[in-house]
Each structure stands twice: as C-alpha cells, then as structure tokens.
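Secondary and tertiary structure notes
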Amino acid sequence: LSRFNISCIPNCDASVSNHILSVRCMKKIRKNGGKFSISISPLITSLNSNLECSEVEIVCNNRDPCSYCQMPYGTSPLTEVLDMANAGSVIVESEDTLQLANCLIRLNYPLEVISQQKLRQLLQKQKGLLGNTNILRIRTLVLKCLILNGPTMEMREDLLELTDLVKTVWGPNFRELLPIYAKLMYTSLRLDEPILAIFFEKEISAKYGTSKGDKFMEIYVCLWLHDILFMTKEASSCLTPYILSTTA
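The protein appears in an unreviewed UniProt entry as SET and MYND domain-containing protein 3 from Trichonephila clavata.

Here it is in structure tokens:
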C-alpha cells in the first residue's frame, strides 16, 4: 500500500483478502501523469474532527502528501467554508460534538446522550457557513442518521442527503456507501416501502456482490420484523464484519 499515494478523496479503492491486494479504480484517471491514490482509514464513518491523511502518510512513509490536505483550510472540498468570518463558533461546536462522540465510543458509553435535537440544530447552524461537503458536516450527518436513530422518515431523508454528498465527493462506487444503503433498506422497510428497500438492496448487490446484499437484506428484515433499533448490540454484532469490510 505504501506504493500508492494517500488521499482523503482517493481515486482507487484498495482491499486485502487472503493476503491478496485488490485495487479498483473509482474514478477516471489520466493516462499520462495520472496518479493512483487510496485511503486506508475510514473517511465518513470516522468521527474524528480532523482528516487523518497526515498521520497515515507518516506511517506509510508516503512521499507525496494528500493534495487536498495541502490546500488552505476552507478551500478544499472537505474543508470548504462559505463564511469564514462567522463560521468559527460553528466549526468549534462541530469539532467538540464529534470529539464527544469519539470519547463516548471509546468509553463504551451510549451515544444517545447526544440528542437528535442537538444534532438537528447543529446541522442547521452549519448551513450557509460550511460547505455541504465539509467533512464536519458530513460526519455530523453520519452521527445523526447512520450511527444514531431518529424519526424514521427524517432519518431516511438525512440518509438520502448523505448519499448525495458522498457521491458528490467520492463518486458512486465509494465503498463507504455500503452501510448507508443498508440503513436505507432498513428505513424503507420500517416505512412499509419494500420496493424502495429492494432498490437499495440492488445497489448493494450491483456494487459489492450479491452475497453481501442478501446478507444485509436478511439482517434488516429481521430488525424490521422484531422492531429492533439499528445500532443495538445484537444488530451491531451482526453488521460489524460487513461494515469493517467497507474500509478493509
């Protein structure tokens, strides 16, 4: 992996299975002068308040630093700030919220102490100040609708917005779309819309293989029938191998 450039917006997806490295291009790469880049840490499902490219580059002894991380803060797609003069307090609040979530996870403490209302208000504050693809906004949205649960209809609307943002930055073949599609299946079933659930199942199957799609469908049908919330211990223990495989 050290032969590849590290980027927070990679153009390739790398995975390792049975000691075999597989690399798949997610975007078009120029024939002359095009460079291959990957990310070896989660990008949207990480709740860190900062991007991890610099740390990864040191570990990998990478000679070509992430070009996006070298851009001044507020100018790259993942740090875009629309109103630098007034965004300071919102940036601090966003970072503090994500750091709190990280601490709660490390302490194995329920994340529900961060209320949906607080996250809803924070996302509203971010509008007009942070760019839609700012990593703080994306990860706040991940915390609100992917990791935590709220009203089902609102949760699905948030997940659809998150899907659009992820596709805008990383493209439709980005591996971390997998858990988003999976939860969209779940919310569609909860809303008694099986046709939509099948659509998202097909997205998983088309991009990641039929077996994974079938497994997700099986898990979410069980959750739906038993009215179990998404991130209960039972559900997370079933989903962990599949979510981890999106960032392997």
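Having seen it, we continue.
**Here's the deal with the overall build of the protein**
A tally of regular secondary structure across the protein gives 9 helices and 4 strands. In the protein, the order of α-helices and β-strands from amino to carboxyl end is β-β-β-β-α-α-α-α-α-α-α-α-α. The buried share of the protein, taken over its 248 residues, is 47%. For the protein, the exposed surface amounts to about 12,700 Å²; the carbon and sulfur share of it is 56%.

**Observations regarding helix H2 (residues 88–106)**
With 19 residues, H2 extends 27 Å between its outermost C-alpha atoms, agreeing within 8% with the 27 Å of an ideal straight helix rising 1.5 Å per residue. Along H2, the positions that sit buried rather than exposed are Val-90, Ile-91, Ser-94, Thr-97, Leu-98, Ala-101, Asn-102 and Leu-104. One side of H2 carries all its buried residues, which in axial view fall inside an arc of 165 degrees. In H2, the exposed positions that point more than 90 degrees away from the buried face belong to Ser-89 and Arg-106. On the buried face of H2, the contacting elements are helix H3 (116–126) and helix H4 (135–147). Of the residues one or two after H2, Asn-108 is the one with positive phi, at around 60 degrees.

**Some points on unusual backbone geometry**
Positive phi values are uncommon outside glycine, yet Asn-108 reaches one of about 60 degrees. Relative accessible area serves as the criterion here: at 68%, Asn-108 is assigned to the exposed category. Unusually for a residue other than glycine, Asp-192 sits at a positive phi of about 60 degrees. Following the sequence through the fold, Asp-192 ends up in the loop between helix H6 (178–190) and helix H7 (194–208). Overall, the relative accessible area of 58% leaves Asp-192 in the exposed class.

**Some points on the pairing of strand E2 (residues 12–17)**
Of the pairings in the sheet, the one linking E2 to strand E3 (residues 20–25) comprises 6 bridges and is antiparallel in character. Bridging from a neighbouring strand, Ala-14 pairs with Val-23 of E3. From the end of E2 to the start of E3, which pair antiparallel, there are 2 residues, and Asn-18 there has a positive phi angle of about 55 degrees.

**Concerning the environment of Arg-190**
Topologically, Arg-190 is positioned in helix H6. Overall, the relative accessible area of 29% leaves Arg-190 in the partly exposed class. For the pair Arg-190 and Met-153, spaced 37 residues apart in sequence, the C-alpha to C-alpha distance is 9.2 Å. Within the local environment of Arg-190, its side chain forms a polar contact with the side chain of Tyr-186, the two groups lying 2.5 Å apart.

**A few points about the pattern of salt bridges**
When their charged atoms lie close together, side chains carrying opposite charge are able to pair. Enumeration according to the criterion identifies 8 salt bridges in this entry. The shortest N-O distance in the salt bridge between Glu-154 and Lys-144 comes to 2.6 Å. Residue Glu-154 is located in helix H5 (residues 152–170), and its partner Lys-144 is located in helix H4; the two are separated by 10 residues in the primary sequence. As far as the burial class goes, Glu-154 and Lys-144 line up, both buried. Residues joined by salt bridges that share partners form a network here, namely Arg-120, Lys-144, Glu-154 and Asp-158.

Definitions and cut-offs
- Residues numbered from 1 in each chain as written.
- Predicted model: local features only at pLDDT ≥ 70, side-chain atom pairs only at ≥ 80, totals over all residues.
- Heavy atoms only, no water.
- Helix = DSSP H or I, 4+ residues; strand = E, 2+ residues; numbered from the N terminus.
- Buried < 20%, exposed > 50% of the residue type's maximum accessible area, 1.4 Å probe, protein only.
- Areas by Shrake-Rupley, 256 points an atom, 1.4 Å probe, with all protein chains shown as cover.
- Expected span 1.5 Å × (residues − 1).
- Arc of directions from axis to C-beta.
- Contact = heavy atoms within 4.5 Å.
- Pairing = 2+ DSSP bridges.
- Polar contact = N/O pair within 3.5 Å; in protein donor to acceptor, adjacent residues only side chain to side chain.
- Salt bridge = Lys/Arg side-chain N within 4 Å of Asp/Glu carboxyl O.

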